[in-house]
Amino acid sequence: MSPEAATPDREPSAIYAIASDYVDRLAALHPNAATSMGIPGHEERLTDFSPAGHEARTALDRQTLSALEAAEPEGDRDRIAREAMSERLRLTLELDAAGEHYRGLNILASPFQSIRRVFDLMPRATEQDWVRIARRMARVPEAYSRYRDTLDEGIRRERVAARRQVEACALQAEVWSGHGEGATSFFHGIAEEFASSGIDSPGLAAELRNAAGGASGACAAFGRYLRQRYLQLARPRDAVGPDRYALGARVYNGDAFDLHATYEWGWEELRRIEGRMAEVAERILPGEGVEAAKELLETDPERAIEGVDAFQRWMQELQDSTIAELHGRHFEIPEPVRRIEALIAPPGGALAMYYTGPSEDFSRPGRTWYPTGGKTRFPLWGEVSIAYHEGVPGHHLQIGTTTWLAGLLSRWQRLIGGTSGYVEGWALYAEQLMGELGYLDNPDHELGMLRAQALRCVRVVIDIGMHLELSIPEGEASGGFHPGERWNAALGLEFLEQRSHFPADFVASEVDRYLGLPGQAISYKVGERAWLEAREAARRRLGDAFDLKAFHARAFELGPMGLALMRRELGGG
C-alpha cells in the first residue's frame, strides 16, 4: 500500500486534517456517535437531540463543507476523500433544510433507538467502565426530554412522523422499560449484570440501580407521550411521496435514480430470482416445488439447531471458520479484523440481524447481533448467507478493513464515510460472492441465499411502490398479485408474505421499517447492482489481467463513498 495523502509517519494533507478535525468535533457534539466510532472521552454523556443540539451539528457540517471546498487536493486520494465527504455533507444539509429531523421517529434508526442502543457498545470489564455506564444511564431522562422537544417543535412546524412509526416506537418503549406484557426492563438488566460481574462496590451497585430506575421510568414516560399526545397529531398517511422519497434515496445511496425504471427492474429481478429458486428446490425435493422444499428445511430436525446458546455458538464458529478459510486465499484480512463476536440482540427491536463495527483502536471488536424474536429453534438453511452478509466477507470485512486502513484513508472515511448503498450493497454482493467461491454448494444454503435475494428484490418493488403509491403491473408481470391496484401497507405486507419466503413475524416488522426509512430498503439491491457493474467494468478494462482478489483490495483502499462515485472510481480506472 502506498498512500499519497496520509501515512502514520507523515503530516496529513489539509483535506485529511479537515476530516480528522470534523470527526473530533462531531464526537464532542454527538457522544452516541463517538461511542459507536470508539472515540474515548465522551462515555458519560448522551447526544443532545434537541433542536439546539441538532443546529450545533448542522453548523459544524456547514463550516466543514466550506473548508473542504476551499482546500486544494494534493492527489487522487485527497480528491476522492474530499468528494465523498462533501457529497455526504451536502445531502445532510438538504435533510436539515427539509426539516426531516423534526419528524425523525422510526422503528429502526432514530434518536429514540440510539439512546438505548448506545449502551450495547459500552465496555463492561472494569469498575471504571461501570461508573461510566451509571453516569450515562443517569442522563437518559434528560436525553428523552430533549428529543421530545424536537418532536414537539415538529408538531408546531407540521413536520410529524407517521402513526405507524409512532405506534411501533411506543411498543418498543414498553418493552425496553419493562412495562410491556412479559417484558423486563433493559436498563434494570444492565444493573443486574453488574451485580453478577464480581466487582465489589455496593455504592456503585446502588448508583446503577437508581440510574436504571430513572432510565426505565423515562423510557416508559416517553412511550406514554407517544401514545397520549404525539399519536393524535401524527400523520395518518404512510407514503412520503416522490419528492421526499427521491431525497431519501439519494441520501441512502449517493446516487440519483429513475425511480419508475428502478421499480420495474425490481420486478424483473424478482422473477429471475424466483426462477433460480425453483431450480435449486428441484435439487432438494425433486418435483415438489419451492414451498415443499421450504417446509422440509424448516421442519427437518437434522437441519436445525435447538436452543439460543447453541445457536450463538454455531454462529460464532461459522464466523471464525469463514475468516480462517478466506484469509490469505480470497482476501488479505488484517489481524485485528480476524476477531468478531456473534451476539444475541436485546429484545424489542426490529427482527433483522445487524452489525456494529469495531472501535477505532479495535479494543471493541466488530459484532453481529441476532434478534431471536423469542424463538428457540433455528433452521439453518437461511442463516448461512445471513452470517456471510453480516460478518465475513460482508459488513465485518468491509467495515473492519476500512477502520484499519489508517495509512490510506481519512479519518472521516474510516469512521463515518459511505452510504447504505455502498455498505449494504457490498454485504449483499458478498452473499452471492460466497456462492461464486463455492461456499454455497449445499442446495439448502443456496436456497437460503436466493431467499435473501428475493427479499431484497421485494424491497425494491414495495418500498418504491408504497411511498410513490404506484400501480401494480397487470397480468404475468406481477404474477397475478392484485393487478392494477395501488400499493399500500396492507398490500406490501401481503406481498412480502407471499414472495419473500420469510416468516410472518419478520415481514410485519419489515413493512414498518420500509415506511419509516424511505429509500433505505432499495439500497441493498441497487448497491449490489453497482458493485457488480463496477466489477464487470473493471473486468472489461483489464481483460486477462483482471484479478478478483486485487479488485476487492483496491475497492477497500478507495474507501467508502456514494454509488455514483464508486462506479466511476472503481470501474473506470
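Our subject is the structure that appears above.
### Some thoughts on the packing of helix 6 (residues 127-137) against helix 9 (residues 186-195)
Logical step 1: Between helix 6 and helix 9, the least distance of the axes is 12 Å, while the angle of their chain directions is 160°. As summarised for this structure, helix 6 and helix 9 are arranged roughly antiparallel, according to the angle between their axes. Handedness of the crossing formed by helix 6 with helix 9: left-handed. Across the interface between the two elements, Trp130, Ile133 and Met137 from helix 6 touch Phe187, Ile190, Glu193 and Phe194 from helix 9.
Logical step 2: In terms of residue class, the contact of helix 6 with helix 9 is built from six nonpolar, no polar and one charged.

### So, the pattern of salt bridges
Logical step 1: Taken as a whole, this structure holds 50 salt bridges when the rule is applied.
Logical step 2: When the shortest N-O distance is used, the salt bridge between glutamate 69 and arginine 90 registers 3.3 Å. Here glutamate 69 is found in helix 3 (residues 51-70), whereas its partner arginine 90 is found in helix 4 (residues 76-97), with 21 residues between them in sequence.
Logical step 3: The exposure class of glutamate 69 is partly exposed, given its relative accessible area of 45%.
Logical step 4: Residue classification places arginine 90 among the partly exposed residues on the basis of a relative accessible area of 40%.
Logical step 5: A salt bridge links arginine 456 to glutamate 431, with the shortest nitrogen-to-oxygen separation between them at 3.6 Å. Of the two residues, arginine 456 is situated in helix 19 (residues 443-468) and glutamate 431 in helix 18 (residues 420-436); the sequence distance between them amounts to 25 residues. Residue arginine 456 shares its accessibility class with glutamate 431, and that shared class is buried.
Logical step 6: Sharing partners across several salt bridges, the network here consists of Asp76, Arg79, Glu83, Arg568 and Glu569.

### Looking at the side chain of histidine 54
Logical step 1: Structurally, histidine 54 can be placed in helix 3.
Logical step 2: What makes histidine 54 buried here is its relative accessible area of 18%.
Logical step 3: A distance of 2.8 Å separates polar atoms of two side chains, one belonging to histidine 54 and the other to aspartate 96.
Logical step 4: Discounting chain neighbours no more than four positions away, the residues touching histidine 54 are Asp48, Asp96 and His101.

### Description of the packing of aromatic side chains
Logical step 1: One pass over the full model with this rule turns up 30 aromatic pairs.
Logical step 2: Between phenylalanine 112 and tyrosine 144, the ring centres sit 5.9 Å apart and the planes meet at 45°, which makes this aromatic pair tilted. Linking phenylalanine 112 in helix 5 (residues 111-117) with tyrosine 144 in helix 7 (residues 140-157), this pair joins segments that are 32 residues apart in sequence. Each member of the pair, phenylalanine 112 together with tyrosine 144, is buried.
Logical step 3: A ring pair is formed by tyrosine 422 and tryptophan 531, whose centres lie 5.2 Å apart and whose planes are at 55°; its orientation type is tilted. Of this pair, tyrosine 422 sits in helix 18 while tryptophan 531 sits in helix 22 (residues 523-542), and the two are 109 residues apart along the sequence.
Logical step 4: The class for tyrosine 422 is buried, based on a relative accessible area of 1%.
Logical step 5: An aromatic cluster of at least three residues, connected via ring pairs, comprises Phe49, Phe112, Tyr144, Tyr147, Trp176, Phe222, Tyr225 and Tyr230.

### What about the nonpolar core?
Logical step 1: Of all hydrophobic cores here, the largest spans 122 residues; its most connected members are Ile462, Ile464, Trp487 and Phe495.
Logical step 2: For this core, the leading source of residues is helix 19, giving 13 residues.
Logical step 3: Not counting chain neighbours up to four residues away, the residues in contact with isoleucine 462 comprise His467, Trp487, Gly492, Phe495, Leu496 and Tyr514.
Logical step 4: Core analysis: the second largest hydrophobic core is formed by 45 residues, Leu46, Trp130, Tyr147 and Ile155 among them.

### Digging into unusual backbone geometry
Logical step 1: Looking along the chain, the bond that leaves valine 392 and enters proline 393 is cis, with omega of 10°.
Logical step 2: Mapped onto the fold, proline 393 is located in the loop between helix 15 (383-390) and helix 16 (395-404).
Logical step 3: Phi angles above zero are rare outside glycine, and glutamate 158 is one such case at about 60°.
Logical step 4: Within the secondary structure, glutamate 158 is located in the loop between helix 7 and helix 8 (163-177).
Logical step 5: We classify glutamate 158 as exposed; its relative accessible area is 69%.
Logical step 6: With phi around 50°, glutamate 469 is a residue other than glycine that occupies positive phi space.
Logical step 7: With respect to the helices and strands, glutamate 469 occurs in the loop between helix 19 and helix 20 (489-499).

Rules and cut-offs
Residues numbered from 1 in each chain as written. Predicted model: local features only at pLDDT ≥ 70, side-chain atom pairs only at ≥ 80, totals over all residues. Heavy atoms only, no water. Axes fitted to C-alpha atoms, helices over the stretch in contact; angles between N-to-C directions. Helix = DSSP H or I, 4+ residues; strand = E, 2+ residues; numbered from the N terminus. Parallel < 35°, antiparallel > 145°, perpendicular 65-115°, else oblique. Left-handed = near helix turned anticlockwise from the far one by under 90°. Contact = heavy atoms within 4.5 Å. Nonpolar A, V, L, I, M, F, W, Y, C, P; charged D, E, K, R; others polar. Salt bridge = Lys/Arg side-chain N within 4 Å of Asp/Glu carboxyl O. Buried < 20%, exposed > 50% of the residue type's maximum accessible area, 1.4 Å probe, protein only. Polar contact = N/O pair within 3.5 Å; in protein donor to acceptor, adjacent residues only side chain to side chain. Phe/Tyr/Trp six-rings, centres within 6.5 Å; stacked < 30°, edge-to-face > 60°. Core = buried A, V, L, I, M, F, W, Y, C linked by side-chain atoms within 4.5 Å.

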